[in-house]
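The residues making up each chain are set out below.
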Amino acid sequence: DTGVSQDPRHKITKRGQNVTFRCDPISEHNRLYWYRQTLGQGPEFLTYFQNEAQLEKSRLLSDRFSAERPKGSFSTLEIQRTEQGDSAMYLCASSLSLGQGSYEQYFGPGTRLTVT
Amino acid sequence: AQSVTQLDSQVPVFEEAPVELRCNYSSSVSVYLFWYVQYPNQGLQLLLKYLSGSTLVKGINGFEAEFNKSQTSFHLRKPSVHISDTAEYFCAVRSQGGSEKLVFGKGTKLTVNP
């Protein structure tokens, strides 16, 4: 069990550029979550998947944001036309759901995005 | 909808002293409750969770928390802290059934001084 991994760990980009982040969940976990954490705040939910199906999206996820989990394994989060307000830590988590929901979400180390 | 209030943004304590980090929540439905810890430049690690049953739950690293339904609280305690407990602590809730998203508080920065 190697835990949840995220790549890259840090990304600096200029305003208006597109960025893509990757998350690899714990191998047997079927649920995958994305959160955003800004300085001095707790994480805020963005979206989650069960296998390849995107089950819920937050209103925070504007049309510039898109997330995919094409084969039910790793996931990508893309931000188009980045804005300075997108600067944050993007956290990925995974969990195992056995039909009655899941309880423990395991978090990765995060990707810190800085938009200049 | 749920919300979480962590009443103290910063808590400084001396090593070997007891500590309590306060958490209150609001929800129109029954919830599960969690405490996570975040060390600098790292992700979140689960300390403990309340799902059902005994209202006193024990977690890792000597932490425990008590669920109080009437006061909608889930305070985190440790009888004797170490320097290594210095970190940010987040309380979170999740509805029972329905959405699995975690709703977090703003966090409490615990600083343990020698």
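Draft legend 1. Representation of the interface of chain A and chain B in the model. Taken together, the contact between chain A and chain B spans 22 residues of the former and 20 residues of the latter. Together chain A and chain B conceal approximately 1,700 Å² of surface at their shared face, both sides included; 50% is due to carbon and sulfur atoms. Counting across the chain A and chain B interface gives two salt bridges. B:Lys49 is paired through a salt bridge with A:Glu104; the nearest N and O atoms lie 2.5 Å apart. Scanning the region where chain A abuts chain B turns up eight residue pairs in polar contact (both at pLDDT 80 or more). Counting only elements with at least two residues in the side of chain A that touches chain B, the list comes to strand E4 (31-37), strand E5 (44-50) and strand E9 (88-95) of chain A. Considering each element in turn, the side of chain A that touches chain B owes the most residues, four residues, to E4(A).

Draft legend 2. Representation of the state of the cysteines within the structure. The full count for this structure, using the stated rule, is two disulfides over all chains. Bridging A:Cys23 to A:Cys92, the disulfide has an S-S length of 1.8 Å. In this structure, the disulfide formed by A:Cys23 and A:Cys92 twists by about -70° around the S-S bond and is classed as left-handed. Taken together, the positions of A:Cys23 in strand E3 (residues 19-24) and A:Cys92 in strand E9 put the pair 69 residues apart, joining distant regions of the chain. Just as A:Cys23 is buried, A:Cys92 falls in that class too. In this model, B:Cys23 is linked to B:Cys91 through a disulfide, with the two sulfur atoms separated by 2.0 Å. Between B:Cys23 and B:Cys91, the S-S dihedral sits near -65°, and the bridge is therefore left-handed.

Draft legend 3. A look at the nonpolar core. One finds B:Leu33, B:Trp35, B:Leu47, B:Leu48, B:Phe74, B:Leu76 and B:Tyr89 to be the most contacted residues of the largest nonpolar core, which totals 28 residues. Taken together, the elements giving at least two residues each to this core come down to strand E2 (10-14), strand E3 (19-21), strand E5 (31-38), strand E6 (44-50), strand E8 (64-68), strand E9 (73-78), strand E10 (87-95) and strand E12 (108-113) of chain B. Leaving out residues up to four positions away in the same chain, B:Leu33 has contacts with B:Tyr25, B:Leu48, B:Lys49, B:Tyr50, B:Phe67, B:Phe74, B:Ala92 and B:Val93. Ranked by size, the runner-up nonpolar core spans 19 residues in total, among them A:Phe21, A:Trp34, A:Tyr90 and A:Val115.

Draft legend 4. Structural context of the pattern of salt bridges. All names here are of chain A. Applying the stated criterion across every chain yields a total of 10 salt bridges over all chains. One salt bridge in this structure joins Arg-64 and Glu-83, with 3.4 Å as the shortest N-O distance. With Arg-64 in the loop between strand E6 (53-57) and strand E7 (65-68) and Glu-83 in the loop between strand E8 (75-79) and E9, this residue pair connects regions lying 19 residues apart in the sequence. Accessibility expressed as a relative area gives 40% for Glu-83, which makes it partly exposed. The salt bridge involving Arg-64 is made with Asp-86; its shortest N-O contact spans 2.9 Å. Pair noted here: Arg-64 is in the loop between E6 and E7 and Asp-86 is in the loop between E8 and E9, with a separation of 22 residues, a long-range link. You can call Asp-86 buried: its relative accessible area is 3%. Residues joined in a network through salt bridges with shared partners are Arg-64, Glu-83 and Asp-86.

Draft legend 5. Seen up close, the sheet that holds E7(A). All names here are of chain A. Taken in spatial order, the four strands make up an open sheet running E1-E3-E8-E7, and their pairing is antiparallel. Each end of this open sheet is capped by a strand with a single partner; those strands are strand E1 (5-7) and E7. Pairwise comparison of adjacent strand axes, ignoring direction, gives a mean angle of 15° for this sheet. Taken together, the three bridges between E1 and E3 define a ladder with antiparallel strand orientation. Looking across to E3, one finds that Ser-5 is bridged to Asp-24.

Draft legend 6. Here's a closer look at the environment of A:Thr116. Residues and elements named next belong to chain A. Tracing the backbone shows Thr-116 in the segment after strand E11 (111-115). Residue class for Thr-116 comes out partly exposed when judged on its relative accessible area of 46%. Measuring from C-alpha to C-alpha, the distance between Thr-116 and Thr-13 comes to 6.2 Å, with 103 residues separating the pair along the chain. Excluding its chain neighbours within four sequence positions, the residues that come into contact with Thr-116 are Ile-12, Thr-13, Lys-14, Arg-15 and Gln-84.

Thresholds applied
Per-chain numbering applies: the sequence of each chain, read as written, is numbered from 1 onward. Chain labels run from A onward and ligand labels from 1 onward, assigned in the order the entries are written. Only residues with pLDDT of 70 or above have their local features reported here, since the model is predicted, and side-chain atom pairs are shown and tallied only from 80 upward, although totals for entire chains, interfaces and linings are computed over all residues. With hydrogens and water stripped out, all remaining heavy atoms of the structure feed into the side-chain values. The contact criterion used is simple: two residues touch if any of their non-hydrogen atoms lie within 4.5 Å. By definition, the buried area sums, over both parts, the 1.4 Å-probe accessible area that each loses when the two are put together. Salt bridge, as used here: a side-chain nitrogen of Lys or Arg that lies within 4 Å of a carboxyl oxygen of Asp or Glu. In protein, a polar contact means a hydrogen-donor-capable atom and an acceptor-capable atom, both N or O and within 3.5 Å, with residues adjacent in sequence counting only if both atoms are side-chain atoms; elsewhere, any N or O pair within 3.5 Å suffices. A run of DSSP states H or I qualifies as a helix once it reaches four residues; a run of E qualifies as a strand once it reaches two. Both are numbered from the N-terminal end. Any two cysteine sulfur atoms lying within 2.5 Å of each other are counted as a disulfide. The buried label applies to any residue whose accessible area, calculated with a 1.4 Å probe on protein chains only, is under 20% of its type's maximum; exposed applies above 50%, and partly exposed to all values in between. Here, nonpolar core means buried Ala, Val, Leu, Ile, Met, Phe, Trp, Tyr and Cys residues that are tied together by side-chain atoms lying within 4.5 Å of each other. Whether two strands pair depends on DSSP finding at least two bridges between them. Convention adopted: a line fitted to C-alpha atoms gives each axis, helices being fitted over their contacting stretch, and angles between N-to-C directions are expressed from 0 to 180 degrees.

From the geometry alone we can't say anything about function, so treat these as descriptive.
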